[in-house]
Amino acid sequence: MLMADLGDVRLHYRIDGPEEGAPLVLANSLGTDFRLWDDLLPHLPEGLRILRYDMRGHGLSDCPEPPYSMGALVRDAERLMEHTGFRDAVFVGLSIGGMVAQGLCAKRHDLVRAAVLSNTAAKIGTRQIWEARIAEVEKGGVEAIVDAVLQRWFTRKFRVSEAIRPWRNMLTRTPAKGYMGCAAAIAGTDFITPTSGLRLPLLGIAASEDGSTPPDMVRETTDLVLGSQFALIRGAGHLPFVEKPAEYAQILTDFLKGQGHI
Ligand SMILES: O=C(O)CC1=CCC(=O)O1
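Reading guide: rules and limits
- Residues numbered from 1 in each chain as written.
- Predicted model: local features only at pLDDT ≥ 70, side-chain atom pairs only at ≥ 80, totals over all residues.
- Heavy atoms only, no water.
- Helix = DSSP H or I, 4+ residues; strand = E, 2+ residues; numbered from the N terminus.
- Buried < 20%, exposed > 50% of the residue type's maximum accessible area, 1.4 Å probe, protein only.
- Contact = heavy atoms within 4.5 Å.
- Polar contact = N/O pair within 3.5 Å; in protein donor to acceptor, adjacent residues only side chain to side chain.
- Axes fitted to C-alpha atoms, helices over the stretch in contact; angles between N-to-C directions.
- Parallel < 35°, antiparallel > 145°, perpendicular 65-115°, else oblique.
- Nonpolar A, V, L, I, M, F, W, Y, C, P; charged D, E, K, R; others polar.
- UniProt positions renumbered as here; feature names shortened; annotations may be inferred.
- Pairing = 2+ DSSP bridges.

Naming follows an unreviewed UniProt entry, where the protein chain appears as 3-oxoadipate enol-lactonase of Alloyangia pacifica.

Draft legend 1. Structural context of the environment of serine 228. Inspection of the secondary structure puts serine 228 in the loop between helix 9 (215-222) and strand 8 (229-233). Since its relative accessible area comes to 22%, serine 228 is described here as partly exposed. Sequence separation of serine 228 and arginine 199 is 29 residues, and the distance between their C-alpha atoms is 9.3 Å. Ignoring any residue separated from it by four or fewer positions in sequence, one finds serine 228 in contact with Leu202, Thr222 and Asp223. Only 2.7 Å separates the side chain of serine 228 from the backbone oxygen of threonine 222, close enough to count as a polar contact.

Draft legend 2. Molecular detail of the packing of helix 3 (residues 127-140) against helix 7 (residues 176-187). Between helix 3 and helix 7, whose axes approach to 9 Å, the crossing angle comes to 170 degrees. Between helix 3 and helix 7, the angle is such that the two are roughly antiparallel. Residues Arg127, Trp130, Arg133, Ile134, Val137 and Glu138 of helix 3 lie in contact with helix 7, whose contacting residues are Ala176, Tyr179, Met180, Ala183, Ala184, Ile186 and Ala187. Taken together, the residues of the contact of helix 3 with helix 7 sort by class into ten nonpolar, no polar and three charged.

Draft legend 3. Structural view of the UniProt feature "domain: AB hydrolase-1" (unreviewed entry) in the protein chain. Here the UniProt feature "domain: AB hydrolase-1" (unreviewed entry) sits at residues 23-245. Structurally, residues 23-245 is divided into 41% helix and 16% strand, and its ends, taken at the C-alpha atoms, are 20 Å apart.

Draft legend 4. Representation of the sheet that holds strand 1 (residues 2-5). Overall, mixed pairing links the eight strands, which are arranged 1-2-4-3-5-6-7-8 in an open sheet. The sheet terminates laterally at strand 1 and strand 8, the two strands that pair on one side only. Taking each pair of neighbouring strands and ignoring which way they run, the sheet shows an average axis angle of 25 degrees. In this structure, strand 7 (residues 202-207) lies alongside strand 8, joined through five bridges in parallel fashion. Paired with isoleucine 205 across the bridge in strand 8 is alanine 231. The sheet contacts of helix 11 (residues 245-258) involve strand 3 (22-27), strand 4 (48-53), strand 5 (89-94), strand 6 (112-118), strand 7 and strand 8, and relative to strand 8 the element is tilted by about 170 degrees.

Draft legend 5. A look at unusual backbone geometry. In this model, proline 66 is joined to proline 67 through a cis peptide bond whose omega is 0 degrees. The phi dihedral of aspartate 88 falls on the positive side, at around 50 degrees, and the residue is not glycine. Assignment of secondary structure puts aspartate 88 in the loop between helix 1 (70-84) and strand 5. Look at asparagine 119: it is not a glycine, yet its phi comes out positive at around 50 degrees. Looking at the secondary structure, you find asparagine 119 in the loop between strand 6 and helix 3. With a relative accessible area of 0%, asparagine 119 lands in the buried category.

Next up, the structure:
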């Protein structure tokens, strides 16, 4: 079990793949830990060196008092990459992880050579929506919002199957403070201007049944970046590689190959 002491927080992380492998970083969505990517990894090509981590307030990472700022979440990613020697990496961020990706790309060209913005946007929802969600969690814990969140994460077919159980457990076991902390970071983030200025290879990935960041929203953010690519996965929700791991892996692999990263 690996923990990185980053000064104001300790983050739980994991590295898979050979030491000399092409660096790939995977950043999570709200209410998940890094097991989120477990079913995707076997579909990715060999020879990648993959860094995954639990965001502050999630998984086995420290859970400071909320609220958190997006600046702190970006700094966490930056410090963790420095700590683990990951540089010139392709950074894949899902949802809030995709916001971290945008912040990091604007700040650290040495760390990130290309980015994948998956099921995310420069601005997700409104401050009011996030404040209402935080209030619900403060009152009733993460349990109070679980059904609404799972509806956005997965298709109906997946939700009525047994496969939903570990995801429900992962979400409800997220500390309320961690959930509220990261939700506050999303509420305060509008990256439209910095993301418009990005000049690096970028791929946006959306999914047809995503109830949190629908395809149009992902496309709008992707289109801010000159020369960016966009891919749509059908028949999946906000966490598309859970329902469509092979398809997602193919899209990601094609992008990595196109960048000469593998
Ligand atoms: O919980 C949701 O609605 C999905 C989500 C939004 C931001 C994030 O990271 O996950």
